[in-house]
Amino acid sequence: MKQVLVFAFLLFTIKATAQNIPYTNCDNCWLADSLGNHRVVLSFNGTGKVAKAVINWRRRDNDPQSKRIIIEDAKTHQRVKNVKVVSITRETGELLFEPVSGNGEYDVYYLPYKNEGRSNYPKGVYLKPDNKADSEWLGSLNNNKSYPLATVKEFQSIDAFNSFYPMEVIATQAETEALIKKYPNEKFLVFPEDRMYSIRMTKDLPQRWIANGPQAKYLGKAARGEHFAFQLGVYALQDIDGLQVSFSDLRSAGGKSIPATKAFCINNNQVTYDAHHLTKSVDVKQHDIQPLWCQVDVPTEASPALYKGKIIISQNGKAFKTLDLAIEVSNRLLKDGGVSEPVKMTRLGWLNSTMAQQNTVIAPYTPLVVNGKTISLLGRKVEIGSNGFPAQIQTYFTPEMTGYATAPNNLLSQALHFNIVDADGKNIVLKDKGVVFTKKEAGTVSWSSISANENLQMDVSASLEFDGFVAYTVKIKALNDIALKDIGMQIPLKKEFAKYMMGLGLKGGYRPETFEWKWDVAHKNQDGAWVGNVNGGLQYSLRDEHYVRPLNTNFYLQKPLLLPTSWGNADKGGIAVTTGNTGVLVNNYSGARTLKKGDELYYNFNLLITPFHPINTDFQWQTRFYHAYKPIDTVKQAGATVINIHHATAINPNINYPFIAWHEMKAYDDSAHAAGLKVKIYNTIRELSNHAYETFALRSLGHEIFSPGKGGGFSWLQEHLGDDYIAAWFVPEIKDAAIINSGMNRWHNYYVEGMNWLTENVGIDGIYLDDVAFDRVTMKRIKRVLTKNGHPGIIDLHSANQYNKSDGFNNSANLYMEHFPYLNRLWFGEYFDYEKNDPDFFLTEVSGIPFGLMGEMLQGGGNKWRGMVYGMTNRMPWSDGADPRPIWKAWDDFGMKGTKMIGYWVYSNPVKTDKAKVLATVYKKDGAAMVSIASWENDNTDVKLKIDWKQLGINPAKATITAPAIKDFQPGRTFTLKDAIPVEKGKGWLLVIK
């Protein structure tokens, strides 16, 4: 009885306290970056030089005694010098201070910090306690004296977003212990919670729950058609495992029902990003709190009524606790499920979306066609050998990359094959049983083959998709104990289609004659390479059954590749490239090993057959991007056609969460469309703004959505997330702080749904990606939703140079090549050097041309002369002195639409120079040509043009060569056919021949 009375008294005290001391916000009333985001407002009505304050602040931060206390006089905003901290705990603080202005208010700042590190990657450092009080004042204090009290008037945050109230105001230890004692026979307690109060703490009970107590029922109010969300806060009184939530049907008094199939828990019911359905259970450690987020999809046809049913919480498959669930359905109808109000958590179901998963063919690709063992796809063919591996790979792209040839380009000098060598160095021969096609669809063709002898069996299963992606699963099983010298895969390439190489630590450019590489996953994001020429090539990557996509863009070292057991073989594996008389051999070896009977190894690998499609030069000349949020008239007058809206702008303020200012974004898009412009937005997956409404729902999923990490970063993250995250990009002006996504997870489903919603409801015309942390599965889905119903779905990709320690020394083009089939433009990019790199680097790693793309330059505006030989300009309006409008005007004056681009890399290019390092690209049309000349010579030089007039289609007797005046590019000038043309170092010309 005494225990019950104590608990009742505690509840009364809590409610009285919560009622008497309000939690308020004072928007930007003080400088948070020096005083912190929180303060306690004291009211003093006494006399004397010492005031005492006892603050029951119920703080969630650990070690509060290690953080500085700053008291300011509210009248003068001056810091109170004479302060003594008597004691500080998470629950209370006792302070003595000098009330310098007498009666009035005094502000206690208890989480002051300073930002260290880079402005966009800050390290919020909380200030240590200091003692500035006068020794005389301190000496006058008497610990036994009763000083006049300064009472707590309110707890205040710098704004509502920083507030701890109500879900981060902790229960005291006494309150928690009293609650636990009240339920001695329970394994766990359940606190149903409203969707508007996300459960945030996992180690402390909120004071709110002590006041309300655990409940065996929950009542919610929803509209017809609403995706209604709520939470179940599980507080573990002992270690518990295997928790799952299920539902009964919900029934009204009139006999109507909401089926149980309309309810789910995102912590248990899961659909992976690649459409696999999973049921997972949840484990909770003793005295931890686990939020379980649930959703009931109320049918639109539901009659207004009170629907009642049960929530069943099971442990290891056995029903353990049952709660009453009641939902009062109003007459209001939400046709969109309420997703236009994401603050109400109506989008949780998006995490399990399967939207756009069907592998339908995406334009400009064509359906796959199987003829015998040969599979045809856009511009390419693959002949499958009886062992399941490619016997030949062909492309039909012309060297110009603007069309198709009638004769194929054979990439392989021999069939791709596995080479298995026994301990004595003899090749082991496996007899195959022939290839069997297991799927023949427009988007995917699959096949399998088995090869074996008395000791080994190789099971091959593979699939080719419409864009040229080939996935191989190769299982090698020991039928008897066997010692091997090597298991390797050999890719024999014809020399002309192994001219360039990129990856494995090689910068994009000419392939070396010989090359050796070894695995080093701890430091290098390298598992394959691209080898090829402009109009034919292969990218491949080596994997096993445990492959997990690593983090990229500054964070590779925090989640690197896993060494493939097969290919890596305890660091015995590697890659050797050698050049012979007839071809180039890429040998992917794994080294010596001994297999026991029954052992299995997976030598999986992927191929990408490049190019993916011809380059679309007219899109390049006509589609002009404006990379800034500016008035529509400003963009229109600049001559741009597409606006790229970056994050940290008024209509897209929060990184990778473009849903908060969507009304404003729609109004802007509508205005742009009325003016004939298109609008694309910044939205990618890699990091997510802390302003995302679902942040704490996602945190309830453990490490599924957010990567584990050491925490830190901006103050908001430390104060509200606590720990176990990786702090990412930060925008100081709006205090938008992001955290890193974990990789391949259900947030990709949400992302697809979100892009679909923005396309249909806001009217976006595409996205631009700032690096990519998802794979080709998600990219295909995104392209489908962006282009359906006639939407343009323009996607361009910006990448900072990934060839550095933090990114694992990978090449941006090699890293993101799986996405290239669905891009419209590249801008590679940030930290690329356009001055000190040779043309082979420009061609392979920057231009996109060998893959069917064209691009823009970024860093410092690029080199406009060199860029033009690849059809590239720079982006507007960010780079000083890099305004592309003069070149746009030159294009328009010449009439670039419809021209045929003939790059310097084309052997039959009709215009060349007499200097090997001064290159010329021709943009040809009937009776005229624009010729771009750029120099990689070490000094200024003169060049003469070598022109094949017949191929150019111009009569030399009537021909003129002029250099139109182009601001900041070249002066106007006329040349005769015999003139030597002066070319400055690192520069060039745009010449018009007609």
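### Quick word on the overall build of the protein chain
And step 1. When helices and strands are counted, the protein chain shows 18 helices and 65 strands.
And step 2. The C-alpha atoms of the protein chain give 33 Å as radius of gyration, which agrees with the globular expectation for 994 residues (30 Å, within 12%).
And step 3. The dimensions of the protein chain, computed from C-alpha atoms along their principal axes, are 105 × 75 × 60 Å.
And step 4. The proportion of buried residues among the 994 residues of the protein chain is 58%.

### Describing the pattern of salt bridges
And step 1. Tallied over the full model, the rule gives 42 salt bridges.
And step 2. For Asp 892, the salt bridge is made with Arg 624, and the minimal N-O distance between the two is 2.7 Å. Of this pair, Asp 892 sits in helix 17 (residues 885–894) while Arg 624 sits in the loop between helix 7 (617–622) and strand 45 (625–626); the two residues are 268 residues apart in sequence, bridging distant segments of the chain.
And step 3. Exposure remark for Arg 624: the relative accessible area of 9% places this residue in the buried category.
And step 4. What you see here is one network of salt bridges that share partners, running through Glu 465, Asp 467, Arg 776 and Lys 780.

### A closer look at the side chain of Arg 686
And step 1. Relative to the helices and strands, Arg 686 resides in the loop between strand 47 (678–682) and strand 48 (687–689).
And step 2. A polar contact is formed between the side chain of Arg 686 and the side chain of Glu 687, at a distance of 2.5 Å.
And step 3. Looking at Arg 686, its side chain comes within polar contact range of the main-chain oxygen of Asp 770, at 2.5 Å.

### Here's the deal with the state of the cysteines
And step 1. In this structure the tally under the stated criterion is one disulfide.
And step 2. Disulfide pairing places Cys 26 opposite Cys 29 at an S-S distance of 1.8 Å. Measuring handedness by torsion sign, the sulfur bridge of Cys 26 and Cys 29 sits at about -75° and is left-handed.
And step 3. Given a relative accessible area of 37%, Cys 29 falls into the partly exposed group.
And step 4. We note that Cys 265 lacks a disulfide partner, and the nearest cysteine sulfur, in Cys 294, lies 4.4 Å from it.
And step 5. Of the residues examined, Cys 265 reaches a relative accessible area of 0% and is grouped as buried.
And step 6. With a relative accessible area of 0%, Cys 294 lands in the buried category.

### With respect to the packing of helix 12 (residues 747–762) against helix 13 (residues 776–787)
And step 1. Two elements in contact, helix 12 and helix 13, have axes separated by 9 Å at closest approach and are oriented at 15°. Between helix 12 and helix 13, the crossing angle belongs to the class labelled roughly parallel. Considering the relative orientation of helix 12 and helix 13, their crossing is right-handed. Where helix 12 approaches helix 13, its residues His 748, Asn 749, Tyr 751, Val 752, Met 755, Asn 756 and Thr 759 are matched on the opposing element by Thr 778, Arg 781, Ile 782, Val 785 and Leu 786.

### A word on unusual backbone geometry
And step 1. Across the junction of Ala 363 and Pro 364, the peptide omega takes the value 10°, indicating a cis bond.
And step 2. Tracing the chain through its elements places Pro 364 in the loop between strand 23 (318–333) and strand 24 (369–371).
And step 3. With an omega of 0°, the peptide bond between Thr 610 and Pro 611 qualifies as cis.
And step 4. Structurally, Pro 611 is set in the loop between strand 44 (604–610) and helix 7.
And step 5. For Ala 275, which is not glycine, the phi dihedral falls at a positive 75°.
And step 6. In this fold, Ala 275 is placed in the loop between strand 18 (269–271) and strand 19 (277–279).
And step 7. For Ala 275, a relative accessible area of 29% gives the class partly exposed.
And step 8. With a phi angle near 60°, Leu 504 is a residue other than glycine that sits in the positive phi range.

### Here's the deal with the sheet that holds strand 5 (residues 83–88)
And step 1. Spatially, three strands are ordered 3-6-5 in an open sheet, and the strand pairing comes out antiparallel. Each of the sheet's edge strands pairs with one partner strand only, and the pair in question is strand 3 (51–55) and strand 5. Each strand of the sheet is rotated relative to its neighbour by a mean of 15°, with strand direction disregarded.

### A short note on the packing of aromatic side chains
And step 1. Tallied over the entire structure, the rule returns 58 aromatic pairs.
And step 2. When the centroid spacing of 5.3 Å and the interplanar angle of 20° are considered together, the rings of Tyr 500 and Tyr 510 count as stacked. Of this pair, Tyr 500 sits in strand 35 (residues 500–503) while Tyr 510 sits in strand 36 (residues 506–510), placing them 10 residues apart in sequence.
And step 3. Looking at Tyr 500, the relative accessible area reads 3%, which means it is buried.
And step 4. Taking the relative accessible area as the measure of exposure, Tyr 510 reaches 52% and is therefore exposed.
And step 5. Summarising the aromatic geometry, the rings of Trp 567 and Tyr 603 are spaced 4.9 Å apart at their centres and angled 80° between planes, so their arrangement reads as edge-to-face. In this pair, Trp 567 sits in helix 6 (residues 565–568) while Tyr 603 sits in the loop between strand 43 (600–602) and strand 44, placing the two residues 36 residues apart along the sequence.
And step 6. Residue classification places Trp 567 among the buried residues on the basis of a relative accessible area of 0%.
And step 7. Judged by its relative accessible area of 0%, Tyr 603 falls in the buried class.
And step 8. Above the ring of Tyr 547, the side-chain terminus of Arg 543 is found at 3.9 Å from the ring centroid.

### Points about helix 13
And step 1. Taking 1.5 Å per residue as the helical rise, helix 13 with its 12 residues ought to reach 16 Å, and the 16 Å between its terminal C-alpha atoms agrees with that figure.
And step 2. For helix 13, the buried fraction is high: 10 of the 12 residues fall into the buried class.
And step 3. As for helix 13, its buried residues are in contact with strand 32 (456–465), strand 33 (469–478), strand 44, helix 12, strand 51 (766–770) and strand 52 (794–799).

### A closer look at the confidence of the model for the protein chain
And step 1. Here the protein chain averages 95 in pLDDT, while 98% of its residues score no lower than 70.
And step 2. Low pLDDT, under 50, characterises residues 1–19; the predicted model gives this stretch 16 contacts beyond four residues in sequence or across chains.

### Some details on the sheet that holds strand 50 (residues 736–740)
And step 1. Strands sit in the order 48-50-49 across an open sheet of three strands; the sheet is antiparallel. Two strands in the sheet have a free side with no partner beyond their single neighbour: strand 48 and strand 49 (727–731). For this sheet, the mean angle separating the axes of adjacent strands, direction not counted, is 25°.

### With respect to the nonpolar core
And step 1. Counting residues in each nonpolar core, the largest one holds 254 residues, and the members touching the most others are Phe 418, Trp 447, Tyr 472 and Phe 820.
And step 2. The element contributing the most residues to this core is helix 12, with eight residues.
And step 3. Core analysis: the next-biggest nonpolar cluster, separate from the first, contains 31 residues, Ile 240, Leu 243, Leu 292 and Tyr 307 among them.

How each quantity is defined
Residues numbered from 1 in each chain as written. Predicted model: local features only at pLDDT ≥ 70, side-chain atom pairs only at ≥ 80, totals over all residues. Heavy atoms only, no water. Helix = DSSP H or I, 4+ residues; strand = E, 2+ residues; numbered from the N terminus. Rg over C-alpha atoms; globule rule 2.2 N^0.38 Å. Buried < 20%, exposed > 50% of the residue type's maximum accessible area, 1.4 Å probe, protein only. Salt bridge = Lys/Arg side-chain N within 4 Å of Asp/Glu carboxyl O. Polar contact = N/O pair within 3.5 Å; in protein donor to acceptor, adjacent residues only side chain to side chain. Disulfide = S-S within 2.5 Å. Axes fitted to C-alpha atoms, helices over the stretch in contact; angles between N-to-C directions. Parallel < 35°, antiparallel > 145°, perpendicular 65-115°, else oblique. Left-handed = near helix turned anticlockwise from the far one by under 90°. Contact = heavy atoms within 4.5 Å. Pairing = 2+ DSSP bridges. Phe/Tyr/Trp six-rings, centres within 6.5 Å; stacked < 30°, edge-to-face > 60°. Lys NZ or Arg CZ within 6 Å of the ring centre and 35° of its normal. Expected span 1.5 Å × (residues − 1). pLDDT = per-residue confidence, 0-100. Core = buried A, V, L, I, M, F, W, Y, C linked by side-chain atoms within 4.5 Å.

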